[in-house]
Amino acid sequence: MQRDLREERWHGLGVSEGYVVGRVLRIDNHSRQVYRASLDEVETSRELDRFQQALQDAREQLLAIKGKADHEMGPEHGYLFDAHLLMLDDPNLRGRVQDYIVREKANAEWALRVVTDDLLAVYSRVKDEYLRARGSDIEDVAQRILSALTGNKPQYANLTRDAVIVSADLSPSAVAELDLQHARAITTDAGGWTSHTAIIARALGLPAVVGLRDLYSRTRTGDTIIVNSYAGEVILHPTTATLEDFEKQFAQKDQACRVSPAERGNEPLRTMDGVEITLCANVELPAEFDSVRKFGASGIGLYRSEFLLSREGVLLSEDEQYKAYVEVANVASPDGATIRLFDLGGEKLHPGVGTERNPALGLRAIRFGLRNEEVLRTQVRAILRAAAHGRLNIVLPMVSDLADVRRARAIIDDERSRLAREGRELGEVRVGAMIEVPSAVVLARSIAREVDFFSLGTNDLVQYMLAVDRGNDEVSDWFRSLHPSVLQSVVDVHQAAASAAISTVVCGEMASTPAYAVVLIGLGATHLSMTPSSIPRVARVTSAVKFAEAEAIARMCLTCATPDEVEQTVREPFLTHWPQLFSAHSLPVAKHSDQPPLLETPN
Amino acid sequence: MIEKRVTVTNRLGLHARAAARLVHMANQFQSVIRLERIDDRLGADAKSILSVLMLAAACGTELSAKAEGADETEAIEALAEIFSNGFGEAERD
C-alpha cells in the first residue's frame, strides 16, 4: 500500500537545545502482549525455575548496561541501574510474582504483568512528578524480565550517522544501550523536562523534543524528519520547500557550521575588527569527547576530572588514571587539555565520614588534595606520565593564595623528579590556578607571578563573591552573573595575568551564553571555555561583533552600581548595534522588571 | 527496637539513586528496618526499593526510622548517617 507522505507537524516540549534534519530510527520499547496460561503442579514448579533464570539473565544484562552507562554517561546515570538491579530482587516484585505463580497456577509472564500493573497503579497516584516518572523504571525492569522469559535479547540496530531516535517512551536502559555517539536527536511521545531521556540528552548535547503524543505510531524507520527543539517542533516528511526554508532559517539564525575551524580555513576566530578569540570546551563525560571536534573547539579548556571518581569510595589507580588522561590528551590534540585536579571534598571518597556543616567552604578541591597527599600525588603522576603523549596542563582548583600554589607545585615538582629517577616517560606540564575565591582575585597579581596561567571559574566566583548558594532557590534573585563586582573581578584578573605575561581562560558556563560572552570579550577575555554544543553559537556572535564596541559597552557596565543597571546597560546597545544577532528575548533583563526572562543555555 | 527521627536533606529527595543507596545500606544489616513518614504515617520497608520510592519523600520530609534485630543499634546509626550527609550527593559545577 502506498503510504501517504504528506508533511505533518507535531508540537511538544523541547528539553535539550538544537535542530537537526535526519532519518527516523524507531526504537520499540519492546513492550509485548502477555497471555494467561493455567499450569499444573509440576509445571508450576518449573515456572518458578524459569522465572528465576529470567531474573538471572536480566541481572547480567543490567550489569553490562550499568558498566556502559558508567563509562559513557557518568555515575549519576549509571547509578540508576543500581536501582533497577535492586528492583529485580525486591520482595515487592520478585516475592509477589512467585506467590502469584504458585497461588494462581499462572505462567510467569502473566504473574509478572499483574504484579507490575498493581505497582504502577500505586505509583501513578504519587503526587511528586519526579517519583511518578519512576513508574517508567518499574515498567522498564518488567519488560526486561519479560524479554528474558521469552529468551529474546533486546536488539538495537546500529545507528546510521543521521539517525533521529523516535520512540513512544524511551526507557532508561534503552537509552543506555543505544550507540548515542551516532544519534543526532531524540524524540519521544511521552516524557517531560525531568524524564531520563531529557536529562541524558542535555548531558550529551543532543537536541530532544518530548511529549509528542502519537508521533511514534506515525513513523517508519528511514522517514525524513526535522527536529527543532527551540520551537518544540517535529516535522515528518518535510516537503522540499520546508527543508529549504528550514535550512535558510537556520543558516541565518545560526551560521554555526560556517564558523567551525575547518570552514574558516583553519584561520583563527576573530572579531570583526581583528581581535583573536579562542573558544575551547568544558568536558566531563567520555560521551562528550566526540563533541569537542564536532563543534570545533580549540582543545579542552577545562576537564573536570571528578568523573574518574565515579564509584563511591574507589580511587582509580595511577595506571587507570593515566589511561584516562592519555585519552583526554588525544581528544584535545593538537591544542591540548587543561585538567582540573579533583574538585571535591572527602565525602566522595569516604561517604558518610566527617560530614561538614558547610561543604562549599570546607575541605575540598586543592585543600582536600593537600590534606590527602596520596590522592594528589597519584593524580599528578598519572597526568605527568600522560603528558608524554599530548599537551596537558594542570589547574589547581579553589586556590586561596600563594601558599596553596607553592605547596601544590612542590608536590608536582617532587613527583616529576621521582618519575624521572624511575626512568618513566613524562611530558612538560604547565601549572595554573583556578581563580574563583575572592581572596585569589584580590591577590591575583602575586599569584600570577608563580603560575603559568589562570583559569577564571565564573560559576564558583559568582557564588563566593556574592556569598550566594547557587543551589538554593530562595536566594536565586541574588545570584547575578552580571554583578558589577564580578565584572570588575574579570577585569582585575585579566590585568594581573597580563602584567605577568600569562594567559587567562574564562571557563564558567557564563561564557556559553552569547550575550554574556560578548560582555566578557569586552572586559578583556580572549580565551573562553564552555559546553561544546554552545561553541558554534558563541563563535557566530564573536565573528560578527567589533571588539571596540564590546569594550565600550563593557566600560559602561563597570560604572554601574547594581546588576539591574548592568543588565539594562547591556540590553539597549546590543539591540541597536546588533539587531541581527540578538532578539530582545535573548538578552539579559533586569530581574525586577516585567520584561521576558533571559534565555539561558540549559546547562 | 530502636527508633530515631531522620530528615531528608538532599535537594532531590529520596529519588532513584538516593533510594538505591539507602536500600544497599539497609541490606547490610540483619535487623528489620522500617521508615515511616511523620506527616501521614505512610510506612516502607527500607530493604525494598519499590517500597522506599513509594514514600515520595521530598527534601525536608521527616521520617521515623525503626530497626529491630541483633544489629539494630548499628543499623540505626548507619541510617542516620546516610540521611544526614544527603546520600553523599555533593553539589557540583
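Everything discussed here concerns the structure shown above.
Report on the accompanying structure. Just so you know, these numbers come straight off a predicted model, no measurement behind them. (Residues numbered from 1 in each chain as written. Chains lettered and ligands numbered in written order. Predicted model: local features only at pLDDT ≥ 70, side-chain atom pairs only at ≥ 80, totals over all residues.)

**Some points on the overall build of chain A**
- For chain A, the helix and strand inventory stands at 22 helices and 16 strands.
- Taking all 603 residues of chain A together, the buried fraction comes to 46%. (Helix = DSSP H or I, 4+ residues; strand = E, 2+ residues; numbered from the N terminus. Buried ≥ 20, exposed ≤ 12 C-beta atoms within 10 Å, placed from the backbone.)

**What to know about helix H6 (residues 135-149) of chain A**
Residues and elements named next belong to chain A.
- With 15 residues, H6 extends 21 Å between its outermost C-alpha atoms, agreeing within 8% with the 21 Å of an ideal straight helix rising 1.5 Å per residue.
- In terms of burial, H6 is largely enclosed, as 12 of its 15 residues are buried.
- Listed in full, the buried residues belonging to H6 are Ser136, Asp137, Ile138, Asp140, Val141, Ala142, Gln143, Arg144, Ile145, Leu146, Ala148 and Leu149.
- Residue Gly151 follows H6 closely and has a positive phi angle near 75°. (Expected span 1.5 Å × (residues − 1).)

**A few points about the sheet that holds strand S4 (residues 62-68) of chain B**
Residue and element names in this part refer to chain B.
- Reading across the sheet, the four strands line up as S1-S4-S2-S3 and stay open at both edges, with antiparallel pairing between neighbours. Among the strands making up the open sheet, the edge pair consists of strand S1 (2-7) and strand S3 (43-45). Taken over all neighbouring pairs, the strand axes of this sheet differ in orientation by 25° on average, direction set aside.
- Examined bridge by bridge, strand S2 (residues 32-37) and S4 share six bridges and lie antiparallel to one another. Each bridged residue has a counterpart across the sheet, and for Leu35 the counterpart in S4 is Ala65.
- This element, helix H3 (residues 72-84), spans S1, S2 and S4 of the sheet and lies at about 5° to S1. (Pairing = 2+ DSSP bridges. Axes fitted to C-alpha atoms, helices over the stretch in contact; angles between N-to-C directions. Contact = placed C-beta atoms within 7 Å.)

**Description of the pairing of S4(B)**
- Sheet topology note: the S1(B)/S4(B) ladder contains six bridges and is antiparallel. Bridge pairing in S4(B) links Ile2(B) to Ala67(B).

**As for the sheet that holds strand S9 (residues 278-283) of chain A**
Residue and element names in this part refer to chain A.
- Taken in spatial order, the eight strands of this closed barrel run S9-S10-S11-S12-S13-S14-S15-S16, and their pairing is parallel. Strand-to-strand twist in this sheet, taken as the mean axis angle between neighbours without regard to direction, amounts to 30°.
- Inspection of the sheet shows S9 paired to strand S16 (residues 527-530) by four bridges, in the parallel sense. Along S16, the bridge assignment pairs Ala281 with Met530.
- Packed onto the sheet, helix H11 (residues 318-332) meets strand S10 (300-304), strand S11 (337-340) and strand S12 (392-396) and runs at close to 145° relative to S11.

**Thoughts on the packing of helix H13 (residues 373-386) of chain A against helix H14 (residues 402-421) of chain A**
Residue and element names in this part refer to chain A.
- Running from N to C, H13 and H14 point in directions that differ by 55°, and their axes come no closer than 9 Å. The pairing of H13 with H14 is recorded here as oblique in orientation. As H13 runs across H14, the sense of the crossing is right-handed. Residues Glu373, Leu376, Arg377, Val380, Arg381, Leu384 and Arg385 of H13 touch H14, and the partners they reach there are Ile411, Ile412, Glu415, Arg416 and Leu419.
- Residue composition of the contact of H13 with H14, grouped by class: six nonpolar, no polar and six charged. (Parallel < 35°, antiparallel > 145°, perpendicular 65-115°, else oblique. Left-handed = near helix turned anticlockwise from the far one by under 90°. Nonpolar A, V, L, I, M, F, W, Y, C, P; charged D, E, K, R; others polar.)

**Examining the packing of helix H21 (residues 547-558) of chain A against helix H22 (residues 563-577) of chain A**
Residues and elements named next belong to chain A.
- Relative to each other, H21 and H22 sit at 155°, their axes nearing to 9 Å. What the angle tells us is that H21 and H22 run roughly antiparallel. Crossing of H21 against H22: the hand is right-handed. Packed against H21, whose contacting residues are Glu549, Ile553, Met556 and Cys557, the element H22 presents Val566, Thr569, Val570, Pro573 and His577 at the interface.
- Among the residues forming the contact of H21 with H22, the class breakdown is six nonpolar, two polar and one charged.

**Some thoughts on the environment of Leu243(A)**
- Inspection of the secondary structure puts Leu243(A) in helix H9 (residues 240-253).
- What Leu243(A) contacts, discounting residues up to four positions off in sequence, is Val21(A) and Pro238(A).

**Considerations on unusual backbone geometry**
Residue and element names in this part refer to chain A.
- The amide bond that connects Ser333 to the next residue, Pro334, takes the cis arrangement and shows omega of 0°.
- With respect to the helices and strands, the residue Pro334 is situated in the loop between H11 and S11.
- A positive phi angle, close to 55°, is found at Ala365, a residue other than glycine.
- Within the element layout of this structure, Ala365 appears in helix H12 (residues 365-371).
- Accessibility expressed as a C-beta count within 10 Å gives 23 for Ala365, which makes it buried.

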